[in-house]
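Inside the fold
Take a look at the letters that make up each chain.
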Amino acid sequence: MIVSSDHRGWFGPAFALVAVVTALRWALLAFDRTDLFVDETQYWLWGQEFAFGYSTKPPLIAWLIGGVTRVTGSDAPFWIRMPGAALHGVTALVLGALAARMQGKGAAIWVVAAYVTLPMAAVGSLLISTDTVMAPFFAGALFFHHRMLTEGKARDALLTGLMIGIACLAKYAGVYFLIGVALAAILRRDLRPKLSHVALLLLVWAVVLLPNVWWNLTHGLSTLTHTADNIGWIEREQPLDDFGFDDLFEFWIGQLAVVGPFIVVALLAGLQRPFANAPLAAFVLPTLIIVSMQALLEMAYANWAITAYFTGTILAMAVLAQYPRWRLVAVLSNAVICVALPVLTLFPSVSVTGKPLLYRYLGRADLSAQIISLAKQDGNVPVLSVSRDVLADLFYTGRDSGLAFYAPRPAGQPDNHYVQRYPLPKTLTGRLLLIATKPPGCAYTETPLKTEGGSYAKYGMQAYLVDATCFNKP
């Protein structure tokens, strides 16, 4: 594998582009009028307490949010979401460095422009997610892996293992990288690293992940169990030949929204030559094949294939380099989406069919404010909710309220963080404010909650003032 002789001089213009895009994203984020989503408030809560693992995800996103909010002294939505734009900017530059080594400085600038304008980068700059936190470290592993193959230094094997270990601390999907390394070695002889380098890479990766593995072992394999539950077909009761072609089609339609139709088409064209394009294709094919199988057997969210689009962006832009006009169209069409999405968050109530386009990100804080007001009105009574979404925002919006919030006691393995860490105490007595869609099986006083036009509009949430001992009955 050869390193391009024309791999310098790209960083200045690429950095300027990333800096401008990131600054604009931060400026618009400061005026974002959407509520934090359920996952974001959960990550914030995790970040209030350092741990080597949490109930449904590895710990890196919680560490990041906890660190940022402590340094800034603010828990405002801006600071919780702020790292997203920077992380995608860094990812774009790392992929640019990889593209420069493989294809030259011209390719590097186009790759940076393409990645920073991907719809998934735009969304990841508005909502903080584990995908976004994983991205720069996965890209870093790709860069050091390429340098390890071309320069043959143990230092790069160590750095590759370090990067992918940290990526896995953000999201377990980081293991797709290791599958890519193996596939690349199978496809081409020049992509086979030294065995000593492989051993060093795997050793460092394992050491980085060891604290999280230990946490899982001491917490009932909580995160790993949740990941297996997401996969679904591991414990599938239906026959494995009961294929979901509709789900597979929906997944692939979703890919058009994740990276844009031009990038998808160009990438698929590049995958037609898996041996020639093995340095890139090897890190695309495993993700797309495995997640497509998941969609076929159970279901798969569109973002589950995000690791395919790190080298996938480089490969797609290499294909589009043969068609300069379409390359420009691909980047500009995605750039339009990148502008439209943050602008839409400034006017989140905009509706096309009578329901706000961003309804999933509205009404959460308002419902929490209503619940907190009722709880204080009745003498600071504790609150019990059966909904993870409601609890997530209550802990965030009510962080300074002095109220206690509880989840139902688990009947078996806790299925979320709130059931695991904040179950209703068996010894609790006195009045309790229950938030549910159905009344409890004991005496209560009911208060309607307003949920129109937001994420809870169709659920009919109500507040029921009850005696806590009601929930100790069989």
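Structure: see above.
As a convention, each chain's residues are numbered from 1 in the sequence order in which they are written. It should be noted that, the model being predicted, local features are given only for residues of pLDDT at least 70 and side-chain atom pairs only at 80 or more, the latter also being counted only at that level, while totals for whole chains, interfaces and linings use all residues. Side-chain numbers come from the whole structure's heavy atoms, not from hydrogens or water.

All right, on to the state of the cysteines then. The rule for a disulfide is simple: a pair of cysteine sulfur atoms within 2.5 Å. Summed over all chains, the structure comprises one disulfide. Through a disulfide, C442 is tied to C470; the S-S separation comes to 1.9 Å. The chirality of the disulfide connecting C442 with C470 is left-handed, given an S-S dihedral of about -100°. Placement of C442 in the loop between β3 (431-436) and β4 (445-448) and of C470 in the segment after β5 (462-467) is noted, with a sequence separation of 28 residues between them. Each member of the pair, C442 together with C470, is buried. Secondary structure elements follow DSSP: runs of H or I of four or more residues count as helices, runs of E of two or more count as strands, with numbering from the N terminus. When a residue's accessible area, from a 1.4 Å probe over protein chains only, is under 20% of the maximum for its type it is buried; when over 50% it is exposed; and in between it is partly exposed.

This part covers the sheet that holds strand β2 (residues 405-406). Ordered in space as β2-β1-β3-β5-β4, the five strands form an open sheet in which the pairing is mixed. The outermost strands of the open sheet, each flanked by one partner alone, are β2 and β4. Two strands make a pair as long as DSSP finds a minimum of two bridges between them. In terms of strand pairing, strand β1 (residues 383-385) meets β3 through three bridges, oriented parallel. Looking at β3, one finds that L384 is bridged to L434. Across the sheet, helix α19 (residues 364-377) touches β1, β2, β3, β4 and β5, and the angle it forms with β3 is around 160°. Two residues form a contact once any of their heavy atoms are found within 4.5 Å. All axes here are fitted lines through C-alpha atoms, helices being fitted over the stretch that makes contact, and every angle between N-to-C directions spans 0 to 180 degrees.

Moving on, we get to the layout of surface pockets. One number sums up the size of the second largest pocket: a volume of about 260 Å³. Both cavities and pockets are sets of points on a 1 Å grid over the protein atoms alone; in a cavity a 1.4 Å probe fits but cannot get out, in a pocket the set is open with protein on both sides within 12 Å along at least five of seven lines, and lining residues sit with an atom within 4 Å of a point. What lines the second largest pocket is a set of 14 residues, among which Y359, S455, Y456, K458 and Y459 lie closest to the centre. Charged means Asp, Glu, Lys or Arg here, nonpolar means Ala, Val, Leu, Ile, Met, Phe, Trp, Tyr, Cys or Pro, and polar covers whatever is left, Gly included. Tallied by class, the residues present in the lining of the second largest pocket amount to six nonpolar, three polar and five charged. Grid points are joined across faces, edges and corners, and a volume is the space filled by probe spheres set on the points.

Helix length check: helix α9 (residues 154-170) (17 residues) gives 25 Å between terminal C-alpha atoms against 24 Å at 1.5 Å per residue, within 8%. Of all 17 residues making up α9, 12 are buried, and the element is well covered by its neighbours. Turning to α9, its buried residues are D156, A157, T160, G161, M163, I164, G165, I166, A167, C168, L169 and A170. Expected helix span is taken as 1.5 Å per residue step, with the number of steps being one fewer than the number of residues.

Our next topic: the pattern of salt bridges. By salt bridge we mean one thing: a side-chain nitrogen of Lys or Arg within 4 Å of a carboxyl oxygen of Asp or Glu. Evaluated as defined, the whole model comprises 12 salt bridges. The partner of R101 in a salt bridge is E151, with the nearest N and O atoms 3.6 Å apart. Residue R101 is located in helix α5 (residues 83-103), and its partner E151 is located in helix α8 (residues 130-151); the two are separated by 50 residues in the primary sequence. Classification of R101 as buried rests on a relative accessible area of 9%. In this structure, the salt-bridge partner of R155 is E151, at a minimum N-O distance of 3.7 Å. The class for R155 is partly exposed, based on a relative accessible area of 42%.

What follows covers empty space enclosed by the protein. According to the stated counting rule, one finds two cavities of 30 Å³ or more in the structure shown. Each pocket or cavity is described by its volume, and for the largest cavity that value is around 90 Å³. Along the wall of the largest cavity there are 13 residues; nearest its centre are L142, H145, H146, P279 and F283. Secondary-structure elements contributing two or more residues to the lining of the largest cavity are α5, α8 and α15 (278-281). The dominant element in the lining of the largest cavity, judged by the number of residues it contributes, is α8, at four residues. Its residues assigned to classes, the lining of the largest cavity shows 10 nonpolar, three polar and no charged. One number sums up the size of the second largest cavity: a volume of about 50 Å³. R25, L29, A122, S125, L126, C338 and P342 together form the lining of the second largest cavity. Of all the elements in the fold, those that place two or more residues in the lining of the second largest cavity are α1 (11-29) and α18 (324-346).

All right, on to the pairing of β5 then. On a regular strand, each side chain points to the face opposite its neighbour's, so the side chains alternate between the two faces of the sheet. With five of six residues buried, β5 lies mostly within the body of the structure. The pairing of β3 with β5 spans six bridges and is classified as antiparallel. Among the inter-strand pairings, L434 is bridged to a residue of β5, identified as Y464.

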